[in-house]
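For reference, the chains in residue letters:
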Amino acid sequence: MDPSDQKFFTVIDYVIFAVLLAASMGIGLYYALSGGRQRTTQEFLMADRSMGCLPVSLSLIASFQSAVAIIGVPAEIYTHGTQYWFIGCAYILGLFIPAHIFIPVFYRLRVSSAYQYLELRFSKAVRICGTFTFIFQMVIYMGVCVYTPAFALNAVTGFELWGTVLATGLVCTLYTTLGGLKAVIWTDVFQTVVMFAGQLAVIVVGVQKTGGVADVWRKVWEGNRISGLDLNPDPTERHTFWTLGVGGVFLMLSLYGVNQAQVQRYLSSRTEKEAVRSCYMVFPSLQLALALSCVMGLVMFARYCGEDHSDKLASSSRDAMVIYFVMDMLHGLPGLPGLFIACLFSAALSTISSAFNSLATVTMEDLIKPQYPAMTEARATLLSKVLAMSYGLLCLAMAYLTHLMGDSVLQVALKIFGMVGGPILGLFCLGMFFPWANSIGALVGLCAGLVVAFWLGIGSILTRSTRPLPLECGANATIAIQTAFNNTTLSQPSGLKRFYSLSYMWYSGFNCTTVVLIGLIVSFLTGPTKEEDVKPGTLYPLLGKLFCFLPEHLKKKLCCVTPLGQTVSERIDLIAKNLATFIYDVFAVE
């Protein structure tokens, strides 16, 4: 591609891109004018709990397989090698645990917002704090999601950057506001197909233009981009098997276990079994999405081994290299540049629409309805739509902050989820798994978790030092890597700087653990909650299952053994049966 010729969208490219936006708007209009016409909050926010497992599973993928991943993961592989691919190992437990612990608890309680659980388990104050934390997390993340595809479109078409940001946000806001959760889920299905098609097109053309599969493999092998299993236990190492395979589990749990955008999809399923099945169906699709992004990064390295063309797109960011690579590969193939930009926007729109709808839900269910219980259904639905639109406009403002950040978009996004999603995960784990935790412990634990999270996050930004692999091929790469390794060994950080050097993949696990430990300590100091005082259905007997080898009387003292979802009447029946058995045994002995 001629460096001076960056803007080469043809008429066909514009048509493909326009069709994507028109189709998304069309789905929103269809659900606005069909069925119940989004006249109730149940239909607008929960899709009438009528969705099948296939659309829900594809929507679960699209919700967080954003443009951030499509741009960020290839840039990560190009710069640091394939070590990041091991995060796929975390997908196993990261989806198995939500399917068998979080989904059953939420579904059987019949909540609309995940944060309703916090009031049932703790108190209204904990629910409100959890809600505000989630809103803060999602509004910031949406800024990253809106900015990423807008930057790409600006780079290849010359569209005004902030005009593109505005267009992205407005289209998404309109179809989310018009069609509710049903429109969001079905546009996610359509956009997921476009995402995979766009990535596949780039890979196929890229491999062909680079000389074939054998040449690609030879170049990435000589360039030391194929990473082995790194079992280094050092938590300050950016990516190892442990940071990705274990730390990544906590990240996945914060996304697929307790994040409202995902929980809302589980709850929109027709039955609990379909909700669990949709969670399992996400696994192969997530692995496919990860594989496509990683292979794209390898093909990119094979094409530009030792070169950096990101400055030709007026940016020094590695993320810009992905855009340059795509346009270089697809240049002269009418329609394919438009398909890839449509792929990026599909990923962005699906994520943003999910966020708008979930933000409207938690604001309505957790902050407004409890204060105005007598509000009519028509007014509540109208207010929900206004909220979705308002959050859309707010997220546009947050896109400007992304523009000012120095990290790659992938690292920024995962840091946000680790810093804010980790404490939220800790709050839910504290409530579900530890019957002694009380509301004071939950509040103090959440506050402590957030303080530590931002202390660590801000400290890491101020003392940031990322060590990419040298962009060279052959013997030169091996020598350069050995030199870089020796320099790194001699300059290991110490003291507080070492704490700030903690891998961002551990943020979720570290902050989650902080909330649980502080929450339990404060709960015991202020008077632990008795198991019989906990609302039935809000506990999962995790400790009872882990300590199944203990005698029954010790299990009852040490941990909760209450069956999941047991109602008050069931508990009374159980007590009555035990009492009857006791009386019978006494009289039988006599």
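Residues numbered from 1 in each chain as written. Predicted model: local features only at pLDDT ≥ 70, side-chain atom pairs only at ≥ 80, totals over all residues. Heavy atoms only, no water.

A.B. asks: If you had to explain the pattern of salt bridges to someone new, which residues and values would you point to?
C.D. replies: Summed over the entire model, instances satisfying the criterion amount to 10 salt bridges. One salt bridge connects Arg 127 with Glu 119, and the closest N-O pair in it is separated by 2.4 Å. For Asp 366, the salt bridge identified is with Arg 127, shortest N-O distance 2.7 Å. Here Arg 127 lies in helix α7 (residues 124–157) and Asp 366 lies in helix α15 (residues 336–368), a separation of 239 residues in the sequence. Of the two residues, Asp 366 and Arg 127, neither departs from the other in class, the shared state being buried. The network of salt bridges with shared partners includes Glu 119, Arg 127 and Asp 366. (Salt bridge = Lys/Arg side-chain N within 4 Å of Asp/Glu carboxyl O. Helix = DSSP H or I, 4+ residues; strand = E, 2+ residues; numbered from the N terminus. Buried < 20%, exposed > 50% of the residue type's maximum accessible area, 1.4 Å probe, protein only.)

A.B. asks: Got a sec to walk through helix α13 (residues 272–304)? Specific residues and values, please.
C.D. replies: The end-to-end C-alpha distance of α13, which contains 33 residues, comes to 49 Å, matching closely the 48 Å that a straight helix rising 1.5 Å per residue would cover. A bend of about 25° at Phe 283 is the largest found in α13, and the proline Pro 284 appears one to four places after it. (Expected span 1.5 Å × (residues − 1). Bend = angle between axes of the 7 residues up to and from the residue.)

A.B. asks: Got a sec to walk through the environment of Phe 106? Specific residues and values, please.
C.D. replies: You can see Phe 106 is positioned in helix α5 (residues 90–109). For Phe 106 and Val 263, which are 157 residues apart along the polypeptide, the C-alpha to C-alpha distance reads 7.9 Å. Once residues within four sequence positions are removed from consideration, Phe 106 is found in contact with Val 111, Ala 114, Tyr 117, Gly 257, Val 263, Leu 267, Phe 428 and Met 432. (Contact = heavy atoms within 4.5 Å.)

A.B. asks: Explain the packing of α5 against α13 residue by residue, including any values.
C.D. replies: Relative orientation and spacing of two packed helices are given, respectively, by the angle between their axes and the distance between those axes. Two elements in contact, α5 and α13, have axes whose closest approach is 9 Å; the angle formed by their N-to-C orientations is 155°. Taken as axis vectors, α5 and α13 run roughly antiparallel relative to one another. The crossing of α5 and α13 is right-handed. Residue-level contacts link Tyr 91, Ile 92, Leu 95, Phe 96, Pro 98, Ala 99, His 100, Ile 103, Pro 104, Tyr 107 and Arg 108 of α5 to Glu 272, Ala 275, Val 276, Cys 279, Tyr 280, Val 282, Phe 283, Leu 286, Gln 287 and Leu 290 of α13. Residues belonging to the contact of α5 with α13 are distributed by class as follows: 17 nonpolar, 2 polar and 2 charged. (Axes fitted to C-alpha atoms, helices over the stretch in contact; angles between N-to-C directions. Parallel < 35°, antiparallel > 145°, perpendicular 65-115°, else oblique. Left-handed = near helix turned anticlockwise from the far one by under 90°. Nonpolar A, V, L, I, M, F, W, Y, C, P; charged D, E, K, R; others polar.)

A.B. asks: Explain helix α11 (residues 247–256) to me, and be specific about the residues and the numbers.
C.D. replies: Judged by how many residues are buried, α11 sits mostly within the fold: 9 of 10 residues are covered. Looking at α11, one finds that the buried residues are Gly 247, Gly 248, Val 249, Leu 251, Met 252, Leu 253, Ser 254, Leu 255 and Tyr 256.

A.B. asks: Requested: an account of the state of the cysteines, with residues and values cited.
C.D. replies: The final tally for this structure, using the stated rule, is 0 disulfides. Of all cysteine sulfurs in the structure, the one in Cys 429 sits closest to Cys 512, which takes part in no disulfide; the separation is 4.4 Å. With relative accessibility at 5%, the residue Cys 512 sits in the buried group. (Disulfide = S-S within 2.5 Å.)

A.B. asks: Describe in detail the side chain of Ser 358, supporting the description with residues and values.
C.D. replies: For Ser 358, the location among the structural elements is in helix α15. In this structure Ser 358 comes out as buried when scored by relative accessible area, which is 0%.

A.B. asks: Give me unusual backbone geometry: which residues, what numbers.
C.D. replies: Even without being glycine, Arg 110 reaches a positive phi, approximately 55°. Its place among the elements puts Arg 110 in the loop between α5 and α6 (116–121). Here the phi dihedral of Asn 224 falls at roughly 55°; this positive angle occurs in a residue that is not glycine. As for its placement among the helices and strands, Asn 224 is situated in the loop between α9 (213–222) and α10 (241–245).

A.B. asks: Quick rundown of the nonpolar core? Include the residues and the values.
C.D. replies: Phe 106, Phe 340 and Phe 428 are the most contacted members of the largest nonpolar core, which totals 143 residues. Counting residues per element, this core draws most heavily on α13, at 16 residues. Not counting residues within four places of it along the chain, the set of residues in contact with Phe 340 comprises Ile 70, Gly 198, Val 202, Met 296, Val 326, Met 327 and Leu 330. Counting residues in each nonpolar core, the second largest holds 6 residues, with Met 364, Ile 368, Ala 380 and Ala 388 among its members. (Core = buried A, V, L, I, M, F, W, Y, C linked by side-chain atoms within 4.5 Å.)

A.B. asks: Mind laying out the environment of Tyr 30, listing which residues take part and the relevant values?
C.D. replies: Within the secondary structure layout, Tyr 30 lies in helix α1 (residues 11–33). Once the C-alpha coordinates of Tyr 30 and Ala 183 are considered, the two residues, 153 residues apart in sequence, prove to be 8.0 Å apart.

A.B. asks: Break down the side chain of Arg 127 for me, with residues and values.
C.D. replies: Owing to a relative accessible area of 7%, Arg 127 belongs among the buried residues under this scheme. Here Glu 365 takes part through its backbone oxygen, which lies 2.5 Å from a polar atom of the side chain of Arg 127. When sequence neighbours within four positions are dropped, the list of residues in contact with Arg 127 reads Tyr 115, Gln 116, Leu 118, Glu 119, Glu 365, Asp 366 and Pro 370. (Polar contact = N/O pair within 3.5 Å; in protein donor to acceptor, adjacent residues only side chain to side chain.)

A.B. asks: Quick rundown of a nonpolar patch on the surface? Include the residues and the values.
C.D. replies: A cluster of nonpolar side chains, Leu 166, Leu 170, Leu 174, Met 389 and Leu 393, forms an exposed patch at the surface whose accessible area comes to about 410 Å². Element by element, the count of residues in the nonpolar patch is highest for helix α8 (residues 161–210), at 3 residues. Its place among the elements puts Leu 174 in helix α8. (Patch = residues over 30% accessible without salt bridge, like charges linked within 9 Å, V, L, I, M, F, W, Y side chains within 5 Å. Areas by Shrake-Rupley, 256 points an atom, 1.4 Å probe, with all protein chains shown as cover.)

A.B. asks: Break down the packing of aromatic side chains for me, citing the residues and quoting the values.
C.D. replies: Two descriptors summarise a pair of aromatic rings, namely the distance from one centre to the other and the angle between the planes of the rings. Taken as a whole and judged by the stated rule, the model has 19 aromatic pairs. The interplanar angle of 75° and the centroid separation of 6.4 Å between the aromatic rings of Phe 433 and Tyr 540 together place this pair among those described as edge-to-face. With Phe 433 in helix α17 (residues 409–433) and Tyr 540 in the loop between α21 (507–526) and α22 (542–546), the pair connects residues that are 107 residues apart, well separated along the chain. One exposure class covers both Phe 433 and Tyr 540, and it is buried. Measuring from ring centre to ring centre gives 5.0 Å for Trp 455 and Phe 499, while their planes differ by 45°; the resulting arrangement is tilted. Of the two residues, Trp 455 sits in helix α18 (residues 439–462) while Phe 499 sits in helix α20 (residues 496–500), which places them 44 residues apart along the sequence. The structure contains a cluster of three or more aromatic residues connected by ring pairs, namely Phe 106, Tyr 115, Tyr 117, Phe 134 and Phe 428. (Phe/Tyr/Trp six-rings, centres within 6.5 Å; stacked < 30°, edge-to-face > 60°.)

A.B. asks: Now, about the packing of α5 against helix α12 (residues 260–267): what can you tell me, with residues and values included?
C.D. replies: At their nearest, the axes of α5 and α12 sit 10 Å apart, and the two run at 70° to each other. Classified by the angle between their axes, α5 and α12 sit roughly perpendicular to one another. Along its contact with α5, which presents Pro 98, Ile 103, Phe 106 and Tyr 107, the element α12 presents Val 263, Tyr 266 and Leu 267. A breakdown of the residues in the contact of α5 with α12 according to their chemical character gives 7 nonpolar, no polar and no charged.

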